[in-house]
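Letter by letter, the chains look like this.
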Amino acid sequence: MSDAPRIACLYLEQCSPRQRTAYDWARTADVGTVDLISMAAVRTGDVELDDYDVCWWHRNERLAITERVADCRESIEPFVRDGGGLLLSVHALAAVAAWGIDQVPPEHTGVDEPPGSGGYLRKSIYASHPLFDGLDGRRLLTHGPSRPAPFARYQELLPERADVLGSTVVDDADVPDEASLLSWAIGDGTVLGAGVALSFDGSPDADETDEFTETTTRLVENALGYLASSGSETGTNATTNPDSRPGSSDDLLTGRPKSADELAAHREALSSDPHRPRYHISPPANWLNDPNGLVEWNGRYHVFYQYNPGGPYHHAIHWGHAVSDDLVHWRDEPVALTPSPNGPDRSGCWSGCTVVDDGTPTLLYTGGRGRRQLPCLATAGDEELRTWTKHVENPVIESAPVDPPILETEHWEAEFRDHCIWSEDDRWYHVIGSGVQDVGGTALLYVADELTEWEYVGSLLVGDWEGAGDVWECPELLDLGEKRLLHVSNYDTVLYFLGELDLETGSFESDATGILDYGDFYAPQSMDLSDGRTLTWGWLPETRTAEAQWDAGWSGSLSVPRELTLAEDGTLRQRPADELVDRRADRLGTETVALEGPDAVSIADGRALELDLELDLADADAVELRLLETPDGEERTTVRYDGDSVAIDRTDSSLDPDAASEELSMPIDEPGPLSLRVFLDGSAIELFANERRCLTGRVYPTREDATGASLAAHEGAARVEWSCWEMGSAWE
């Protein structure tokens with residue numbers, strides 16, 4: 001490559017006025033030597049692209065993929081694979097499928113006429129990407145208001161092989177689920193796609209040298225310079241790019257899986273965020289929700305989860321993957337499941353479970369396409385559970401049952417998703433979450449001899465009482481010995497039922513009910529361990545705005561693992577997994593204190609703590625544990641025990657007016673001192689009361705000095721025995 005990059009500016013037949021304005025800018029800007037090249041010359045071989053470092057195709061008009069475009073693949077694809085750079089801006093982005101860059105082209109193309117300005121919404125994880133040199137902030141406006149704004153964006157789908165560097169701003173509002181700024185690693189070369197309108201000086205769509213043209217020209221200048229260095233140590237293929245997408249598990253693609261170094265780079269980039277959990281399972285970046293497919297396999301523990309590689313928002317769901325040898329130290333693995341653009345899971349690979357069928361780990365998950373969601377099957381392709389082969393005849397159940405009448409909603413022709421499977425008496429049993437029209441949520445039971453052939457049995461249980469919820473998501477049926485535990489998530493709360501299952505009739509007789517966690521906890525799933533224990537993880541959703549999640553670069557965490565057992569009296573017990581004691585780093589103190597009056601007693605400092613407390617009210621009205629407290633008390637989260645309940649008071653948790661501030665509470669119906677285990681980790685607080693009930697809350701203090709922990713009593717004297725440990729990171 002020469003010192004001054006050579007840039008081929010492509011056009012199909014003739015340059016349009018807007019296209020010529022863009023290329024004229026390139027000729028006058030300090031980006032390299034610029035030649036205008038017709039596609040015809042590329043197709044016929046009259047121009048050798050090997051003489052250039054970068055090809056740029058800018059097009060404002062909608063693109064029809066014709067032979068004139070498709071035939072250029074024979075020149076464009078080897079040019080990129082051999083180390084060339086390619087920039088496709090606005091409607092030229094539609095050529096990615098025809099040119100072998102990605103089999104999924106942007107499906108949302110056209111021209112906006114927005115009253116407001118628009119541009120790109122940069123992902124925070126890419127703050128140091130060369131593409132954004134000299135561009136401040138995450139919202140990069142590239143076109144002004146009240147002007148035609150051509151676009152080519154991904155809306156329902158994500159590209160199969162690309163990193164999403166940014167999404168879209170329309171009418172000055174964030175639209176995170178419309179990916180428009182993308183990067184592909186193809187062989188030794190790099191492709192950048194920019195699908196939002198760009199304003200250049202002299203264009204009829206731009207004022208002279210306004211803020212939009214300044215942003216556009218800096219962005220394009222950076223892109224051309226970055227592409228000219230494709231394949232170097234700063235290129236997309238280098239480990240400095242932490243978000244190169246993995247290849248598809250069904251061999252549709254040839255993209256590279258992420259290395260451990262690349263995944264670790266995500267965590268390093270986000271490690272300074274004080275709200276980011278250290279010892280809970282969280283995504284390396286982007287979005288996490290429900291835990292899925294939990295399994296112990298070959299002596300290792302695998303936790304999959306709902307994941308969106310496009311950004312920290314719920315959309316285009318894949319399966320993320322974390323693995324551990326000891327339930328204490330975790331490592332990120334490549335994405336396990338990716339939606340197939342032409343398959344029944346086109347819109348997402350949603351929640352499911354893992355079973356071992358004749359020695360082979362097998363996933364059964366919900367595939368979504370259009371208004372249908374149906375069960376799909378995939379089998380492990382390697383012992384590390386990194387690759388999965390989808391069943392060629394997916395879905396394995398063709399439709400929801402008709403009896404009872406399954407709830408139809410605006411989004412789904414039948415609410416019919418999420419799977420729990422187990423083997424008993426040499427048969428497979430399968431529970432699916434659903435809802436009954438005009439009644440309430442339900443869990444449906446199926447039976448099979450083979451995982452591909454299911455027979456409907458009936459409803460295990462129907463929520464026909466007030467407050468049960470219209471749909472029961474993520475059902476799970478566990479065998480705890482004397483009783484079985486059925487739990488369901490009803491959009492708000494995780495309800496549980498203890499009772500007996502009749503496999504012949506498919507009915508569940510409940511003799512006790514309750515709430516698994518009274519706070520910010522949803523969609524739990526369990527892992528049966530070889531030592532006989534049952535451990536459960538739940539999703540801890542964010543309680544801050546979507547904009548705050550985007551700016552943070554990540555969203556969602558899983559709970560610490562919880563062991564579920566039955567007490568001697570037949571009631572449910574929940575306790576932190578024994579392995580968590582190995583996550584303790586430094587002991588910060590152990591003491592018995594007498595509390596009296598309003599003055600607080602400081603006990604520790606930190607944002608990643610475990611506290612073990614015995615709270616004796618004596619004659620006090622309440623005892624308070626204050627966490628994430630500033631020295632002046634302006635911010636603090638108060639855990640309060642008053643004998644009847646334990647609460648997480650978030651009134652003063654954050655100076656951010658948009659963060660959650662309501663109080664969370666759970667009842668305590670046992671007399672005497674309260675045993676309370678507290679796990680504080682960034683923005684997550686998990687409470688275990690008497691190893692029976694759990695309460696989880698998410699909080700987001702704004703001040704750097706919101707790190708204190710103290711104890712206080714109200715209206716009388718109290719006694720507290722406490723121990724506190726700083727917790728180490730779970731991520732190597």
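Residues numbered from 1 in each chain as written. Predicted model: local features only at pLDDT ≥ 70, side-chain atom pairs only at ≥ 80, totals over all residues. Heavy atoms only, no water.

Here's the deal with the sheet that holds strand 45 (residues 708-714)
Pairing is antiparallel across the open sheet formed by six strands, whose spatial order is 36-45-38-39-40-41. Each end of this open sheet is capped by a strand with a single partner; those strands are strand 36 (601-605) and strand 41 (664-667). With strand direction ignored, the average angle separating the axes of adjacent strands in the sheet is 15°. Where strand 39 (residues 637-641) lies against strand 40 (residues 645-649), four bridges are found, and the strand directions are antiparallel. (Pairing = 2+ DSSP bridges. Helix = DSSP H or I, 4+ residues; strand = E, 2+ residues; numbered from the N terminus. Axes fitted to C-alpha atoms, helices over the stretch in contact; angles between N-to-C directions.)

Considerations on the sheet that holds strand 24 (residues 453-462)
Spatially, the four strands line up as an open sheet ordered 21-22-23-24, and their pairing is antiparallel. In this open sheet, the two edge strands, each paired with only one partner strand, are strand 21 (416-424) and strand 24. The mean inter-strand angle of the sheet, taken between neighbouring strand axes irrespective of direction, is 25°. Two elements, strand 23 (residues 440-450) and strand 24, share seven bridges in a ladder whose sense is antiparallel. Paired with threonine 442 across the two strands is valine 462, which belongs to strand 24.

Focus on the side chain of histidine 91
Counting through the fold element by element, histidine 91 comes out in the loop between strand 4 (85-90) and strand 5 (108-112). According to the relative accessible area criterion, histidine 91 is buried, its value standing at 1%. Among the polar contacts listed, one links the side chain of histidine 91 to the backbone oxygen of glycine 110, at a separation of 3.2 Å. Among all residues touching histidine 91, those that are not within four sequence positions of it are Arg59, Asn60, Glu61, Arg62, Leu63, Thr109, Gly110, Pro150, Phe151 and Ala152. (Buried < 20%, exposed > 50% of the residue type's maximum accessible area, 1.4 Å probe, protein only. Polar contact = N/O pair within 3.5 Å; in protein donor to acceptor, adjacent residues only side chain to side chain. Contact = heavy atoms within 4.5 Å.)

Structural notes on the environment of glutamate 635
Among the secondary structure elements, glutamate 635 is positioned in the loop between strand 38 (622-629) and strand 39. In this structure, the C-alpha to C-alpha distance between glutamate 635 and threonine 702, residues 67 residues apart in sequence, is 8.1 Å. Beyond its immediate sequence surroundings of up to four residues, glutamate 635 is in contact with Leu628, Glu629, Thr630, Asp652, Ser653, Ser654, Leu655, Pro701, Thr702, Arg703 and Ala706. There is a polar contact of 2.7 Å between the side chain of glutamate 635 and the backbone nitrogen of leucine 655.

Some words on the nonpolar core
Among the nonpolar cores identified, the biggest contains 87 residues, and Trp56, Trp57, Trp99 and Trp184 are the most heavily contacted of them. Take this core: its biggest share by element is eight residues, from helix 5 (residues 211-228). Formed by 37 residues, the second largest nonpolar core is a distinct cluster that contains Leu625, Val639, Leu687 and Leu711. (Core = buried A, V, L, I, M, F, W, Y, C linked by side-chain atoms within 4.5 Å.)

Some details on a negative patch on the surface
Taken together, the side chains of Glu596, Asp619, Asp621, Asp642, Asp644 and Glu715 make up a negatively charged region of the molecular surface. By the element assignment, aspartate 621 lies in the loop between strand 37 (608-616) and strand 38. On the basis of relative accessibility, which here comes to 47%, the residue aspartate 621 falls in the partly exposed class. (Patch = residues over 30% accessible without salt bridge, like charges linked within 9 Å, V, L, I, M, F, W, Y side chains within 5 Å. Areas by Shrake-Rupley, 256 points an atom, 1.4 Å probe, with all protein chains shown as cover. Salt bridge = Lys/Arg side-chain N within 4 Å of Asp/Glu carboxyl O. Lys, Arg positive; Asp, Glu negative; His and termini not counted. Charge placed at Lys NZ, Arg CZ, Asp CG, Glu CD.)

Some remarks on the confidence of the model for the protein chain
Per-residue pLDDT for the protein chain has a mean of 93; in total, 95% of the residues score no lower than 70. Segment residues 231-257: pLDDT under 50, and 89 contacts once partners within four positions in sequence are set aside and those in other chains are kept. (pLDDT = per-residue confidence, 0-100.)

Some words on unusual backbone geometry
Omega for the peptide link from asparagine 394 to proline 395 comes to 0°, which places this bond in the cis form. Relative to the helices and strands, proline 395 resides in the loop between strand 20 (388-390) and strand 21. In this structure, the amide linkage connecting aspartate 403 to the following residue, proline 404, adopts the cis form with an omega of 5°. You can see proline 404 is positioned in the loop between strand 20 and strand 21. Its identity is not glycine, yet aspartate 172 carries a phi of approximately 65°, on the positive side. Relative to the helices and strands, aspartate 172 is located in the loop between strand 9 (163-170) and strand 10 (173-175).

Remarks on helix 5
Between the first and last C-alpha of helix 5 there are 26 Å, a value that for 18 residues agrees with the 26 Å anticipated at 1.5 Å per step. Burial of helix 5 is extensive: 13 of the 18 residues sit out of reach of the surface. You can read the cap of helix 5 off the contacts: a side-chain oxygen lies 3.1 Å from the backbone nitrogen of phenylalanine 212, and it is on aspartate 210. (Expected span 1.5 Å × (residues − 1).)

Describing the pairing of strand 30 (residues 534-540)
On a regular strand, one side chain projects to one face of the sheet and the next to the other, so that they alternate. Across the seven residues of strand 30, seven count as buried, placing the element largely inside the fold. If you look at the hairpin formed by strand 29 (residues 522-528) and strand 30, you'll find five residues sitting between the two strands, and glycine 532 has a positive phi there, around 95°. Strand direction decides the pairing type here: strand 30 and strand 33 (residues 562-566), joined by two bridges, are antiparallel. Residue pairing for strand 33: threonine 536 is matched across the bridge by arginine 562. Bridge count for strand 30 against strand 32 (residues 557-558) is two bridges, and the pairing is antiparallel.

Topic: the packing of aromatic side chains
This structure, assessed with the given rule, holds 21 aromatic pairs. Summarising the aromatic geometry, the rings of tyrosine 23 and tryptophan 56 are spaced 5.2 Å apart at their centres and angled 75° between planes, so their arrangement reads as edge-to-face. You can see tyrosine 23 sitting in helix 1 (residues 17-28) and its partner tryptophan 56 sitting in strand 3 (residues 54-59), a full 33 residues away along the chain. Take tyrosine 23 and tryptophan 56: they sit in the same class, and that class is buried. Taken together, the aromatic side chains of Tyr23, Trp25, Trp56 and Phe200 make up a single cluster linked through ring pairs. (Phe/Tyr/Trp six-rings, centres within 6.5 Å; stacked < 30°, edge-to-face > 60°.)

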